[in-house]
Every structure is written in structure tokens, then in C-alpha cells.
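Observations on chain architecture
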Amino acid sequence: MIGWTLGCVLFIILLFFLYMLFLAFQTNVHTHSLLIDEWTEEKQFHVFFIADIHRRKVSEKLIQRLLGKVDVVIIGGDLTEKGVPLNRTNDNIKQLTRLGSTCYVFGNNDREVGEQNLRNILYSNGVHILENSSLHFEKSNFSVRIVGINDGFAGNVKIIEAFKEVKETDVLIFTTHAPTYFNHAKKISKPHLLLAGHLHGGQIRLGPFGIYEKGSYREKENSAELISNGYGTTAVPLRLGAKSECHLITIRGRH
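Here goes a summary of the coordinates provided.

Looking now at the overall build of the protein chain. Looking only at helices and strands, the protein chain features 6 helices and 12 strands. Since a compact globule built from 255 residues should have a radius of gyration of about 18 Å, the 19 Å found for the protein chain is in line with a globular shape. With the principal axes as the frame, the protein chain shows a C-alpha extent of 75 × 40 × 35 Å. Among the 255 residues that make up the protein chain, the fraction classed as buried is 53%. Nonlocal contacts in the protein chain, meaning residues at least 24 apart in sequence, comprise 73% of its contacts between residues at least 6 apart. By element, 56% of the accessible surface of the protein chain is carried by carbon and sulfur atoms, the whole surface being about 12400 Å². The averaged location of the 25 negative side-chain charges in the protein chain is 5 Å from the averaged location of its 29 positive side-chain charges.

Here is the structure:
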């Protein structure tokens, strides 16, 4: 009887771990719509945001789902980590750049594979590395400026320098690996969209409780803040209560 009970308990535990493994490798694309006062209704700009890929492979299914729907891809750091083969990272970048122009900011784990190795992959695939800098992105009769900062864990953040080319009339996207820099950006400028990852939503949560806050999309006055649970995992390939995710955000005119 004791052996049967123990076997049942172990079987339930195994099923539970398999469920967490399943959640870690889901491909969930969340769609968001941000209305801004500066644009008229016909103006739209589509941003695909993905952060914390780590050891995962970007699936062909994900790319096929998004082809033709994206104006710019923004990678919010932790594209890779120690032990991830460079060819896997290169393949992931090749997949993402199929969707459109691609921007990237460093995360705290990225340099573990060798900074120059990673830079070579990004440069060879035409990715724009935003290191305390910005990119002016034009589309027909309007434009968007994307501002990105370096990885704060490396102590290389120069946020004032990142915003130096920003004009008051810019429709502005700010991206950083860690969301702690949202408040810094808002003291300098007025971004319409702020993007970050890093926290994984706590990755494994027990109900409302987790190491970090669960990811969220929060609309403010003429702006929005997105903190993603992330696409991959770190330490263990398991999730609970904080599903894997990436995001398609449409900025559109209110009037």
C-alpha cells in the first residue's frame, strides 16, 4: 500500500514537472494596441518585441505567423547566455531579421558568450545595436525613433547620451533590458512606448507569489509600459504561472 501511494505521488510530481516544461516552451504572441494623440487613424506602426530568448530556438511557426505584420523587431536583451552554441544564436537572429529591420539591446547574460562573438553575429545580419543611442525609423509619411541603452549590469548606461538626438516631435520607443530604467527615461523625455524584460515574470510562481513581479502591459496617459515574461528561461527550463511570451504592439493614431 505504501509503495503504491509513493508511486502515485511520484507520478503526479513527474506530470507536474512535465507541465512546467510544456509551459516553458510554449509560443504565446500577445497583441497590444497603443493609441497616441500625435497621429491620425490611418497611421500605424507594428513592433515585434522579444526578450530573454536565452537557450531557446526561435521557431519557424512563430516567424510564419508574423511575416508581413511587422515594421520593426526589437530584441530586449539576453538573446543568449553561457553555454549556448553561437550557431544557435546566429540561427535565431536570421529568423528574426526575416520579419523586418531589427534592433537589439544588451542583456546581463549576453556577454557570457564573448562580446565580440555576439557583435559579429549581429553585425553580419544587419542588426542595429542600440548602446546608449537611437535609430530614426521612417515609414511613408511618418517616423518613429527607437532609443536603447546598454546593459546596466555592466555599468555602461549613459541614458542622457541615448536621448541626445531625440526631438520633441518624435514618436518615441524606449527599450532596455531591465525595467528599472523606465523611470530614468521618463525624467529625460516622454516615451510613448517603454519595453523591457529581464524579470521572466518570476518564471515559477505560486499563485500571486513569485521572485519578481509578473509581466504586464500597462497603458498610461498617451503611452504604455510593457514588461515581458520573456521567451525563454534561465537556470531551469521550467515555468509556472508566468507563461513564455513575446509581443506584437501596434501604435496607431487616435484621431
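Positive phi is not limited to glycine here, since His200 has a value of about 60 degrees. Positive phi, close to 70 degrees, is recorded for Ala235, a residue that is not glycine. You can see Ala235 is positioned in the loop between strand 11 (223-227) and strand 12 (246-253).

For the rest of this paragraph, the subject is the sheet that holds strand 12. Here 6 strands make up an open sheet; going across it, the order is 1-12-2-3-4-5 and the pairing mixed. The open sheet has two edge strands with one neighbour each: strand 1 (29-36) and strand 5 (128-129). With 8 bridges joining them, strand 1 and strand 12 adopt parallel strand pairing. By the bridge assignment for strand 12, Ser33 is matched with Thr250. Sitting on the sheet, helix 3 (residues 86-97) touches strand 2 (44-50), strand 3 (72-75) and strand 4 (101-104), and the angle it makes with strand 3 is about 150 degrees.

The next thing to look at is the environment of Val166. Looking at the secondary structure, you find Val166 in the loop between helix 5 (159-162) and strand 8 (171-175). Between the C-alpha atoms of Val166 and Phe142, which are 24 residues apart in sequence, the distance is 15 Å. With near-sequence residues (within four places) excluded, Val166 lies in contact with Arg145, Val147, Leu172 and Ser189.

Here we come to the sheet that holds strand 11. Reading across from one edge, 6-7-8-9-11-10 is the order of the 6 strands in this open sheet, with mixed pairing throughout. Each edge of the open sheet carries a strand with a single partner, namely strand 6 (133-139) and strand 10 (216-220). Strand-to-strand twist in this sheet, taken as the mean axis angle between neighbours without regard to direction, amounts to 15 degrees.

Further remarks concern the environment of Thr250. Within the secondary structure, Thr250 sits in strand 12. Thr250 sits 180 residues away from Val70 along the chain, and the two C-alpha atoms are 9.1 Å apart. Ignoring sequence-local partners within four residues, the contact set of Thr250 consists of His32, Ser33, Leu34, Gln44, Phe45 and His46. A distance of 3.0 Å separates the side chain of Thr250 from the side chain of His46, its partner in a polar contact.

So, on to the nonpolar core. Counting residues in each nonpolar core, the largest one holds 26 residues, and the members touching the most others are Phe48, Leu96 and Tyr104. Of all elements in the fold, only strand 2, helix 2 (60-66), strand 3, helix 3, helix 4 (115-124) and strand 12 reach the threshold of two or more residues within this core. Ignoring anything within four residues of it in the chain, the contact list for Tyr104 reads Ile75, Gly77, Leu79, Asp110, Leu118, Leu122, Val127, His128, Ile129 and Leu130. With 25 residues, the next largest nonpolar core counts Ile36, Val72, Val144 and Ile249 among its residues.

Rules and cut-offs
- Residues numbered from 1 in each chain as written.
- Predicted model: local features only at pLDDT ≥ 70, side-chain atom pairs only at ≥ 80, totals over all residues.
- Heavy atoms only, no water.
- Helix = DSSP H or I, 4+ residues; strand = E, 2+ residues; numbered from the N terminus.
- Rg over C-alpha atoms; globule rule 2.2 N^0.38 Å.
- Buried < 20%, exposed > 50% of the residue type's maximum accessible area, 1.4 Å probe, protein only.
- Contact = heavy atoms within 4.5 Å.
- Areas by Shrake-Rupley, 256 points an atom, 1.4 Å probe, with all protein chains shown as cover.
- Lys, Arg positive; Asp, Glu negative; His and termini not counted.
- Charge placed at Lys NZ, Arg CZ, Asp CG, Glu CD.
- Pairing = 2+ DSSP bridges.
- Axes fitted to C-alpha atoms, helices over the stretch in contact; angles between N-to-C directions.
- Polar contact = N/O pair within 3.5 Å; in protein donor to acceptor, adjacent residues only side chain to side chain.
- Core = buried A, V, L, I, M, F, W, Y, C linked by side-chain atoms within 4.5 Å.

Bear in mind that shape data such as this cannot, by itself, settle questions of function.
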